[in-house]
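Examination of the molecular architecture
Chain by chain, the residues run as shown.
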Amino acid sequence: MHEFSYAEALLDTVQRRAAGRQVVGVRVRAGAAHRLDEGSLAQAFELVSAGSVAADAELSLVTLPMVLECRACQARSESPDALALCPACGEATVDVTSGEEFLLESIELAEPAADPA
Ligand SMILES: [Zn+2]
């Protein structure tokens, strides 16, 4: 389950941002290239965050499609998968220009009124 390394990195960032405050929600954006499953990531996060400020946080994952750019015909296309074929001309000369990001979009704190941000 490769979600564990993501969950650990995520917890690191969440804890820094929370600065000791209780976290109830975590929103993550990840490109399709990471092949993350929301259920598995949430489960991994639950395990690594046990005992931390994010122990009760609910995790949600937004998966972004891969954006492919063709070097032969310059067509840009979105793909849910890393199929390296241009849907416009069928050439295998595509670069992945997006879909490899992995970032913490936002966290939800237990007491939003006390949050200066
Ligand atoms: Zn093409």
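Remember, predicted model here, so these are calculated numbers, not experimental data.

About the criteria used
Residues numbered from 1 in each chain as written. Predicted model: local features only at pLDDT ≥ 70, side-chain atom pairs only at ≥ 80, totals over all residues. Heavy atoms only, no water. Pairing = 2+ DSSP bridges. Helix = DSSP H or I, 4+ residues; strand = E, 2+ residues; numbered from the N terminus. Axes fitted to C-alpha atoms, helices over the stretch in contact; angles between N-to-C directions. Donors = N, O, S within 2.8 Å, 3.2 Å for Na, K, Ca; no water. Tetrahedral: all angles 85-135°; square planar, octahedral: opposite > 155°, others 65-115°.

With antiparallel pairing, the three strands of this open sheet are ordered in space as β4-β3-β5. Every other strand in the sheet has two partners, leaving β4 (76-79) and β5 (94-98) as the edge strands with one partner each. Neighbour to neighbour, the strand axes of the sheet diverge by 35° on average, direction disregarded. Judged from the four bridges that link them, strand β3 (residues 66-70) and β4 form a sheet pairing that is antiparallel. From the neighbouring strand, M66 faces β4, where its bridge partner is S79.

Protein coordination at the zinc ion: the donors are C70 (SG), C73 (SG), C86 (SG) and C89 (SG), at 2.3 Å from the metal. Bound by four donor atoms, the zinc ion shows angles of 105 to 112° at the metal and therefore tetrahedral coordination geometry.

Read these as spatial facts, not as claims about activity.
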